[in-house]
Amino acid sequence: MQTIRTVCAHDCPDMCSLIATVDNGRVVRIQGDPDHPLTAGFACGKVNRDMELVHSPERITTPLRRVGPKGSGQFEPINWDDALDTIVGRWQSIIAADGPTSILGYAYSAHQGLMNRGLLNGLFHALGTSRLLGGTVCDSCAEAAWDATVGPGTGGADPCSATEADLIVSWGSDLHATNVHLWAKIEQARKNGAKLIVIDPRRTRAAQSADTYLPIRIGTDSALALGVMHILVRDGKTDEAYLAAHTIGFDRVRTEVLPRFTPSYTAGITGLAEADIERFAALYGAAKRSFIRIGFGMSRYTHGGQNLRAVALLPGVTGAYGRYGGGALLATAAAFDLNYNAVRKPSGPTAARTINHLKLGEALLEAKDPPIKALFVAANNPAVTNPDTAKMRAALARADLFTVVHDPFLSMTARYADIVLPATTYLETEDFYRSYGTYYMQYGHQVIAPQGQAWSNIRLAQTLAGRMGLTDPVFSMGQREILKQMFQGAGGAAAAFDPATLPDQGPVSIASKDGQVFRTPSGKLEFVSETLAAQGLPAMPDWEPDPEAMHHARYPLQLLTTPGYFQSHTAFSGVAFLRGREGAPCAVLHPQDAAARGLRDGQAVRLSNQRGTIGLTLHVRDEIQPGVVLVPGQRPDAEAVAGTVNMLCADSFTDMGEGATYQSTWLDVAAW
Ligand SMILES: Nc1nc2c(c(=O)[nH]1)N[C@H]1C(S)=C(S)[C@@H](COP(=O)(O)OP(=O)(O)OC[C@H]3O[C@@H](n4cnc5c(=O)[nH]c(N)nc54)[C@H](O)[C@@H]3O)O[C@H]1N2
Ligand SMILES: Nc1nc2c(c(=O)[nH]1)N[C@H]1C(S)=C(S)[C@@H](COP(=O)(O)OP(=O)(O)OC[C@H]3O[C@@H](n4cnc5c(=O)[nH]c(N)nc54)[C@H](O)[C@@H]3O)O[C@H]1N2
Ligand code: SF4
Ligand SMILES: [Mo]
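Residues numbered from 1 in each chain as written. Chains lettered and ligands numbered in written order. Predicted model: local features only at pLDDT ≥ 70, side-chain atom pairs only at ≥ 80, totals over all residues. Heavy atoms only, no water.

Visitor: Honestly, the pattern of salt bridges in this entry has me stumped. Any pointers?
Guide: Oppositely charged side chains are able to pair whenever their charged atoms sit close together. Following the criterion strictly, the structure yields 33 salt bridges and no others. The partner of arginine 597 in a salt bridge is aspartate 593, with the nearest N and O atoms 3.8 Å apart. Owing to a relative accessible area of 25%, arginine 597 belongs among the partly exposed residues under this scheme. The exposure class of aspartate 593 is buried, given its relative accessible area of 11%. (Salt bridge = Lys/Arg side-chain N within 4 Å of Asp/Glu carboxyl O. Buried < 20%, exposed > 50% of the residue type's maximum accessible area, 1.4 Å probe, protein only.)

Here it is, written out as structure tokens:
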């Protein structure tokens, strides 16, 4: 038996340090590292079972060549040399005929290691192919709103500071699912007397144990934030000295926007009781160190940027941004100023065609001059997780599209591939990590040898680069050498670390106890944003109804799509135990809506709208308000009655950051 310290590479803000126990070449146990202050000795309920992920009987063990129709999942094993010969031969002839931009290749976020993700993207950058504008299925709207308000290159409040808070607001964040280690800090803060407020259309587990729960209507967060500001102004609870020194534009918002957001107007929009809004504002106004955890959920909506921006402005009104333990946490990644380009952009043209991730289906079907002839996908399953999945799958089914998928499992996307390549999981690789929800970075060590004939993303990138004739040094360097490159020219707090010693160091933090830094053009928190105005967007925060709500007459229910507790998108769908814990893919209706449709708990139901129909198991529960259908997670079709939730969602853009609008979806529910 041997124990090895590594880092959890799953797409999760906590980025835990893990202790893996290995016996005879097999991982037999995974525990949280007690020496990482946030991990604090425990891993989440998913990763506790990662020995079942890495040793899953459902993993693919050899390269595969498709022998049946696209999507059918019929493949035959081939060896790596044949697979690579086929790929390189096809890519070279496509480049010769139509140029490199007729290829689109990328790795996405299911391996958070900077090298495993970065180097495959570096390969395609160096080849000059079309480039994926990534993140639009996830956080690009939230990020654009944060950047316009707080500034680019800035992280939010340190999660470790939450223990110092006197008030915690979990605003659209399902802490037990996506941020369980922050939950542990919040429990500590509550022992010290802090109050917890949860603002979420779903009565999450955190909401059940909160001091106050506000069941807000989907997409109305900007109205609530402005309603709270209205009361703070009315009651003289603003910190005028902080506003004058660190913010711009509040006076305009105070006179031109806030007068409308009376408690009764705010209540009408948000569906909350006036008394509850008053109570929340009173608590927020009285707190010195109010800590808001902002989740991404509220941004996945037509006006998601406005929602997030208004919430991110609130700590400026009371000066909470200036105090340790106060402020707002959306993400932290922007604070790590490393030389990412060493890995992601070793060479290649400065500009090439970009394809928005959420429009991948459309681009594969419609892009011209040149059309996309070859697709390479690693660490992403767009046939389930992209919006408008029917279009996505029609695109993947295109007979003349040469598709390669690199994945540890035969994902729904892989079923459409011409060649499938077996990928290692993170436990079979080493890498360097920086978190997006904490201020830690850490080197993660390889725990066991690659299983079967699986290759890491790095090995694949370096081998394909060699075969394609690329000579950039990063494609032949060892990983410790690449790490040094990433620290050459590093800035900010990261620059103080020596990459030669990091692999032996365990977790290290770049956190600071100073107040929130603003890196907007004005250097202040921007209540009025000229940057947004220049893009034709409202310069000031406001609330407007969603134009998609016009479908309301025919499809009266709005979709609430949330993370699965025991599934993270589809990344754990190869673990039978976790599939069982999550349960069959389901839809949740309020008892009133179920009764109105004559539906009962446990029956199969059809969810439909103008884009399609899917089949799920119904749960009737009052954890949501009437008028909402909750569908947790994005689950592969094979587990459902039929289809997958993103078949109902449009591939349209949010107001900021060209992000996905999953929640601007109206539908109806009937018996299957
Ligand atoms: N277990 C698990 N962990 C995960 C993931 C997962 O799928 N499962 N996903 C990972 C990834 S890729 C990401 S990006 C992160 C973040 O993943 P996100 O999907 O952004 O999850 P949260 O930040 O928890 O935000 C979701 C919460 O917001 C609420 N919500 C939805 N709409 C609104 C709204 O309009 N207003 C308000 N106030 N609340 C709303 C939902 O009910 C839910 O409780 O988590 C990561 N961690
Ligand atoms: N309706 C709806 N849809 C959503 C969301 C939502 O809230 N609602 N959330 C969106 C968000 S936040 C995100 S980030 C996306 C996530 O969407 P995806 O990126 O598609 O996430 P996963 O389903 O986890 O797919 C990751 C794939 O990578 C594979 N993989 C895991 N590790 C490795 C590795 O080391 N190497 C390689 N090559 N492959 C690996 C996994 O087996 C899996 O097939 O989904 C988005 N889709
Ligand atoms: S909480 Fe997140 S980072 Fe920690 S073990 Fe679970 S998935 Fe990994
Ligand atoms: Mo995400």
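Visitor: What should I look at first to understand the domain arrangement of the protein in this one?
Guide: It is common to report an interface's size as the accessible area lost on association of the parts. Structurally, the protein comprises domain 1 (64–137 + 336–509), domain 2 (141–330) and domain 3 (547–671). Once you take the C-alpha centre of each, domain 1 and domain 3 turn out to be 30 Å apart. Counting from both sides, the interface comprises 19 residues of domain 1 and, opposite them, 20 residues of domain 3. Summing both partners gives a buried area of about 1,500 Å² for domain 1 against domain 3, and 56% of it is carried by carbon and sulfur. Where domain 1 touches domain 3, the interface holds three salt bridges. Taking the shortest distance from any N to any O, the salt bridge between lysine 391 and aspartate 651 comes out at 2.8 Å. Mapped onto the side of domain 1 that touches domain 3, the elements with two or more residues apiece are α16 (382–385) and α17 (389–396). The dominant element in the side of domain 1 that touches domain 3, judged by the number of residues it contributes, is α17, at four residues. The residue makeup of the side of domain 1 that touches domain 3, split by class, is eight nonpolar, six polar and five charged. (Domains from an automatic or database assignment. Contact = heavy atoms within 4.5 Å. Buried area = accessible area lost by both parts, 1.4 Å probe. Helix = DSSP H or I, 4+ residues; strand = E, 2+ residues; numbered from the N terminus. Nonpolar A, V, L, I, M, F, W, Y, C, P; charged D, E, K, R; others polar.)

Visitor: I keep staring at the environment of phenylalanine 124 and nothing clicks. Help me out?
Guide: Within the secondary structure, phenylalanine 124 is located in helix α3 (residues 114–127). On the basis of relative accessibility, which here comes to 2%, the residue phenylalanine 124 falls in the buried class. Sequence spacing of phenylalanine 124 and isoleucine 372 is 248 residues, and the spatial spacing of their C-alpha atoms is 14 Å. Once you skip the residues sitting within four places of it in the chain, phenylalanine 124 turns out to touch Trp91, Ile103, Gly105, Tyr106, Thr129 and Phe376.

Visitor: Sorry, what's going on with the confidence of the model for the protein here?
Guide: Regions with low pLDDT carry predicted coordinates that are not meant to be interpreted in detail. Averaged over all residues, the pLDDT of the protein is 97; the fraction at 70 or higher stands at 100%. Looking across the protein, the model is least confident in helix α5 (residues 175–178), with a mean pLDDT of 96, and most confident in strand β17 (residues 419–422), with 99. (pLDDT = per-residue confidence, 0-100.)

Visitor: Would you explain the site of ligand 2 in this entry?
Guide: Surrounding ligand 2, one finds 29 residues, the nearest of these being Asn381, Thr385, Asp407, Thr561 and Thr570. For ligand 2, an oxygen atom lies 3.3 Å from a polar atom in the backbone of alanine 571. Notes on ligand 2: free accessible area 920 Å², of which the protein chains cover 95%. Classifying every residue of the shell around ligand 2 gives 12 nonpolar, 14 polar and three charged. Counting only domains with at least three residues in the shell around ligand 2, you end up with domain 1 (64–137 + 336–509) and domain 3 (547–671). (Near = heavy atom within 4 Å. Polar contact = N/O pair within 3.5 Å; in protein donor to acceptor, adjacent residues only side chain to side chain. Areas by Shrake-Rupley, 256 points an atom, 1.4 Å probe, with all protein chains shown as cover.)

Visitor: Sorry, what's going on with the sheet that holds strand β6 (residues 103–107) here?
Guide: Strand pairing in a sheet is mediated by backbone hydrogen bonds. Such pairs are either parallel or antiparallel. Ordered in space as β5-β4-β17-β16-β15-β6, the six strands form an open sheet in which the pairing is mixed. In this open sheet, the two edge strands, each paired with only one partner strand, are β5 (75–77) and β6. Sheet twist, expressed as the mean angle between neighbouring strand axes with direction ignored, is 15 degrees. Bridge count between β6 and strand β15 (residues 374–378): five bridges; the pairing is parallel. Looking at β15, one finds that glycine 105 is bridged to phenylalanine 376. Packed on one face of the sheet, helix α2 (residues 80–98) meets β4 (64–66), β6, β15, β16 (402–407) and β17 and runs near 130 degrees to β17. (Pairing = 2+ DSSP bridges. Axes fitted to C-alpha atoms, helices over the stretch in contact; angles between N-to-C directions.)

Visitor: Can you help me understand the pairing of strand β27 (residues 666–671) in this one?
Guide: Side-chain direction in a regular strand flips from residue to residue, so the side chains alternate between the two faces of the sheet. Where strand β22 (residues 557–562) and β27 come together, two bridges link them in antiparallel fashion. Considered in β27, the bridge of leucine 557 is made with leucine 667. As paired strands, strand β24 (residues 604–609) and β27 are joined by four bridges and run antiparallel to one another. Its bridge partner being in β27, arginine 606 is matched across the sheet by alanine 670.

Visitor: What is the right way to look at the packing of aromatic side chains in this model?
Guide: Given two aromatic rings, one states the distance between the centres and the angle between the planes to describe the pair. All chains considered together, the criterion is met by 12 aromatic pairs. Ring centres of tryptophan 91 and phenylalanine 124 lie 5.5 Å apart, and the angle between their planes is 65 degrees; this geometry places the pair in the edge-to-face category. In this pair, tryptophan 91 is assigned in helix α2 and phenylalanine 124 in helix α3, connecting sequence segments 33 residues apart. For the ring pair phenylalanine 124 and phenylalanine 376, a centre distance of 5.2 Å and an interplane angle of 40 degrees mean the geometry is tilted. With phenylalanine 124 in helix α3 and phenylalanine 376 in strand β15, this pair connects stretches of sequence that are 252 residues apart. Judged by relative accessible area, which is 0%, phenylalanine 376 ranks as buried. Joined through ring pairs, the aromatic side chains of Trp91, Phe124 and Phe376 make up one cluster. (Phe/Tyr/Trp six-rings, centres within 6.5 Å; stacked < 30°, edge-to-face > 60°.)

Visitor: It is not clear to me how helix α12 (residues 274–286) should be interpreted in this structure. Could you clarify?
Guide: An α-helical turn contains 3.6 residues, so a residue and the one three or four places further along point in the same direction. Here α12 spans 18 Å end to end across 13 residues, near enough to the 18 Å set by a 1.5 Å rise per residue. Every buried residue belonging to α12 is among Ile277, Phe280, Ala281, Tyr284 and Gly285, and all of these are buried. Projected down its long axis, α12 shows its buried positions confined to an angular sector of 130 degrees, all on one face. (Expected span 1.5 Å × (residues − 1). Arc of directions from axis to C-beta.)

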